[in-house]
Amino acid sequence: MPHADVIVIGSGAMGAAAAAALAGRGAAVLALDRFGVPHDRGSSHGATRLIRRAYFEHPDYVPLLHEAYRGWRDLEAASETRLLVPCGLLLGGLPGSEAVAGALHAAALHRLDVERLPAVEAAARWPEIRLDDDWIAVWEPGAGYLLVEECIRAFAALARRRGARLEAGVTVQAWRAGPDGVAVETDRGSFHADRLVITPGAWAEHLVRLPRIPFRVLRKSLFWYRPPPAAAAAFAAGRLPCFAFDTPAGFHYGFPALDADGVKIAEHSGGATVADPLSVDRGLDAAEEAGVAAVARARLPRLGHDLVRHAACLYTMTPDAHFVIGLHPDAPRVAVAAGFSGHGFKFASAVGPILADLALEGRSHAPIGFLAPGRFDAAADRRPRG
Ligand SMILES: Cc1cc2nc3c(=O)[nH]c(=O)nc-3n(C[C@H](O)[C@H](O)[C@H](O)COP(=O)(O)OP(=O)(O)OC[C@H]3O[C@@H](n4cnc5c(N)ncnc54)[C@H](O)[C@@H]3O)c2cc1C
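Since the structure is predicted, the reported quantities are computational estimates derived from the model, not experimental observations. (Residues numbered from 1 in each chain as written. Predicted model: local features only at pLDDT ≥ 70, side-chain atom pairs only at ≥ 80, totals over all residues. Heavy atoms only, no water.)

Student: I'd like a description of the nonpolar core, backed by residues and values.
Tutor: When a protein is soluble and globular, its nonpolar side chains tend to lie buried together. In terms of nonpolar packing, the biggest core is built from 86 residues, with Leu22, Tyr61, Trp72, Val197, Tyr253 and Ile325 touching the most fellow members. Element by element, the count of residues in this core is highest for helix α1 (residues 13–24), at 10 residues. Composition of this core by domain shows at least three residues from each of domain 1 (4–44 + 149–215 + 320–382) and domain 2 (89–145 + 220–317). Discounting chain neighbours no more than four positions away, the residues touching Val197 are Val6, Ile7, Val8, Ile9, Ala18, Leu22, Ala335, Leu355 and Ala359. Core analysis: the second largest hydrophobic core is formed by 33 residues, Leu32, Val172, Val182 and Ile198 among them. (Core = buried A, V, L, I, M, F, W, Y, C linked by side-chain atoms within 4.5 Å. Buried < 20%, exposed > 50% of the residue type's maximum accessible area, 1.4 Å probe, protein only. Helix = DSSP H or I, 4+ residues; strand = E, 2+ residues; numbered from the N terminus. Domains from an automatic or database assignment. Contact = heavy atoms within 4.5 Å.)

Below you can see the structure in the form of structure tokens.
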């Protein structure tokens, strides 16, 4: 094998984006993945992902989101493919809803284009979506969805065009970093490079080696409901926006119908812990489906209950539900992007260039301090011992 400047472990959302960014800066890149590019065994499948800027999880993500939007537009131009559809997002919840309050807070702080509406006005504008009268609605017109598999294909194709090698069917078993470079052991032999980027998705616990960050993998289900023919046009992309409801029953969200599969709905809250991501049960969970169907009945009453597809996908949670992006505290030749906690995909187009900065220059000027791997060390050191 010829020498690589940088090895990337994982060619999912973050790995494919990193490979494209690294190769774009002239690095010789080798990206390794156990599965194909893309595939449906990790965290990056199921047709669509939300993208939005009024970020209720933490307003510090907003500058990264501006970068991410630019990155997706650049990728669309490079791939001549439509990847981001800004159909808008209607978020609804009670006035005390953390998501509603957080979205409005981020929007005010960063002067984002967001409207706060009473529920009755939202009902008049989007008649297929039913919010309770005492709810508040937040409308973000620039939000929308990304076509998840197309995005990964586009990054992988761009990386290859720029000279990167993406090898599928290679399982990484271990890595080590020394003063002269890195070595990666796989089921297909050893690979060597100057630098390493680790983007392992649900396999973070084993590969990232940050003992103070207990990554927890959750199984999440996606459900597609086909509307009755008389209502099909009203639920189609172009008419229905993306939607999200923060209620005491959980946080649910969904997408307009892109094709005959219909409207996709999922629950962001909850989820069963997964011991081994390789052997997760991908069957239909009737209780989960009943919960999502109840939300659909209450909030999208004309949708009906024709379940045509379901899928299982994996969240990789950190203790604070924020990402881990930075140089490995024990190995400065190694950059890590992990623990995307169920909301990372939209950032991949920003994370790729950040990983390229970290791997090639040893630092990034992007505002990622709040995502540093070391933040958990400080918390652990403050905890009383004994
Ligand atoms: C149901 C669901 C809904 C979501 N909704 C949204 C949303 O609306 N908006 C949003 O922004 N985000 C959303 N997310 C989160 C987002 O999809 C993830 O944060 C993102 O896809 C994670 O990308 P990743 O590169 O970390 O993981 P992945 O894309 O899974 O990539 C990790 C890769 O590493 C490879 N790998 C791991 N271990 C090894 C090994 N030992 N050897 C070789 N290869 C290895 C895997 O095969 C995999 O390809 C959602 C996630 C799920 C599951």
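Student: Describe the domain arrangement of the protein, and please don't skip the residues or the numbers.
Tutor: Here the protein is partitioned into domain 1 (4–44 + 149–215 + 320–382) and domain 2 (89–145 + 220–317). Look at where the C-alpha atoms of domain 1 and domain 2 centre, and you get two points 30 Å apart. Contact residues are listed per partner, giving 18 residues for domain 1 and 9 residues for domain 2. Roughly 1,100 Å² is buried in total at the junction of domain 1 and domain 2, and carbon and sulfur atoms are behind 55% of that figure. At the junction of domain 1 and domain 2, the tally comes to 0 salt bridges. (Buried area = accessible area lost by both parts, 1.4 Å probe. Salt bridge = Lys/Arg side-chain N within 4 Å of Asp/Glu carboxyl O.)

Student: How would you explain the pattern of salt bridges if you had to name every residue and give the values?
Tutor: Applying the stated criterion to the full structure yields 15 salt bridges. One salt bridge in this structure joins Arg153 and Glu150, with 2.8 Å as the shortest N-O distance. One end of the pair, Arg153, and the other, Glu150, are both in helix α5 (residues 148–161), 3 residues apart, so they sit about a helical turn from each other. Among the residues examined, Glu150 registers a relative accessible area of 32% and is labelled partly exposed. With its nearest N and O atoms 2.8 Å apart, the salt bridge here joins Asp320 to Arg375. Of this pair, Asp320 sits in the loop between β18 (307–317) and β19 (324–328) while Arg375 sits in helix α10 (residues 375–382), and the two are 55 residues apart along the sequence. By relative accessible area, which is 30% here, Asp320 ends up partly exposed. Through salt bridges with shared partners, a single network forms among Arg25, Asp357 and Glu361.

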